[in-house]
Amino acid sequence: MKSRATEECACIFCGGRDSVEVIAREDGAAMFAVCASCRKELITAWSTGDLPEEAAQTYREETKRVMAEAAAMTEEAFEEKYLADEVDRVVFEYVRGYGQTELSGGAMGLLSIMTEKNAEDIQGHIEGLTEKGLIYPVAGKPGWYGADYPFADD
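A short tour of the structure in this document, coming up. Predicted model, so just to flag it, every value in this text is computed and none were measured. (Residues numbered from 1 in each chain as written. Predicted model: local features only at pLDDT ≥ 70, side-chain atom pairs only at ≥ 80, totals over all residues. Heavy atoms only, no water.)

The next subject is the environment of Arg-96. Inspection of the secondary structure assignment puts Arg-96 in helix H4 (residues 86–98). Residues Arg-96 and Gly-146, 50 residues apart in the sequence, show an inter-C-alpha distance of 6.8 Å. Within the structure, Arg-96 has its side chain in polar contact with the side chain of Glu-75 (distance 2.9 Å). (Helix = DSSP H or I, 4+ residues; strand = E, 2+ residues; numbered from the N terminus. Polar contact = N/O pair within 3.5 Å; in protein donor to acceptor, adjacent residues only side chain to side chain.)

The next thing to look at is the side chain of Asp-88. Structurally, Asp-88 is set in helix H4. Accessibility expressed as a relative area gives 8% for Asp-88, which makes it buried. (Buried < 20%, exposed > 50% of the residue type's maximum accessible area, 1.4 Å probe, protein only.)

Counting residues in each nonpolar core, the largest one holds 29 residues, and the members touching the most others are Phe-78, Leu-134 and Tyr-149. At the level of secondary structure, the elements contributing two or more residues to this core comprise helix H2 (61–71), helix H3 (75–82), H4, helix H5 (106–115), helix H6 (119–132) and strand E6 (144–146). No other element matches H4, which puts 6 residues into this core. Contact partners of Leu-134, with chain neighbours within four places excluded, come to Val-66, Phe-78, Tyr-82, Leu-83, Phe-92, Leu-129, Ala-147 and Tyr-149. Counting 9 residues, the second largest nonpolar core, distinct from the first, contains Cys-11, Ile-23, Cys-38 and Leu-42. (Core = buried A, V, L, I, M, F, W, Y, C linked by side-chain atoms within 4.5 Å. Contact = heavy atoms within 4.5 Å.)

Put simply, H5 and H6 touch, their axes get as near as 9 Å, and they point 100 degrees apart. By the angle between their axes, H5 is roughly perpendicular relative to H6. Residues Met-108, Leu-111, Ser-112 and Thr-115 of H5 form the contact with H6, whose own contacting residues are Ala-119, Ile-122, Gln-123 and Ile-126. Partitioned by chemical class, the residues of the contact of H5 with H6 number 5 nonpolar, 3 polar and no charged. (Axes fitted to C-alpha atoms, helices over the stretch in contact; angles between N-to-C directions. Parallel < 35°, antiparallel > 145°, perpendicular 65-115°, else oblique. Nonpolar A, V, L, I, M, F, W, Y, C, P; charged D, E, K, R; others polar.)

Moving on, we come to the pairing of strand E2 (residues 21–24). Sheet topology places strand E1 (residues 2–5) next to E2; 4 bridges connect them, and they run antiparallel. Within E2, the position partnered with Ser-3 by the bridge is Ile-23. Here 3 bridges tie E2 to strand E3 (residues 32–34), and the two strands are oriented antiparallel to one another. Across the sheet, the residue bridging to Val-22 is Ala-33, located in E3. (Pairing = 2+ DSSP bridges.)

Here is the structure:
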């Protein structure tokens, strides 16, 4: 295995950006980035044989309900029903465009510019969209949210 320090990536486990190293296997398998804290936890887990199980993505009941409803709706009908608020629409479309994405740092700055709102206002909308089930927190990635919606007209 080869590793090198980088400032271009976030840790695949926690999303952190402190002391991140990109690790590549000699056989050409995909590279991955791990921060110092997660590397330490992994080394401890490997040495004790107590490897953590990968956190599976789970959805809240609200999210399951909205996803099922959206599959039978057109995108336009979905927007009319759930995204009347302009900031909600921008945040939702941003997350949906990526499928899963981090909504802090640079993304928060971009959302602030796009909506002409401050980070606190946008965070309130993110929390509201999460409570309604329109976006969901991504398992194992703090600050990341997802929106995987197939619509009837897709």
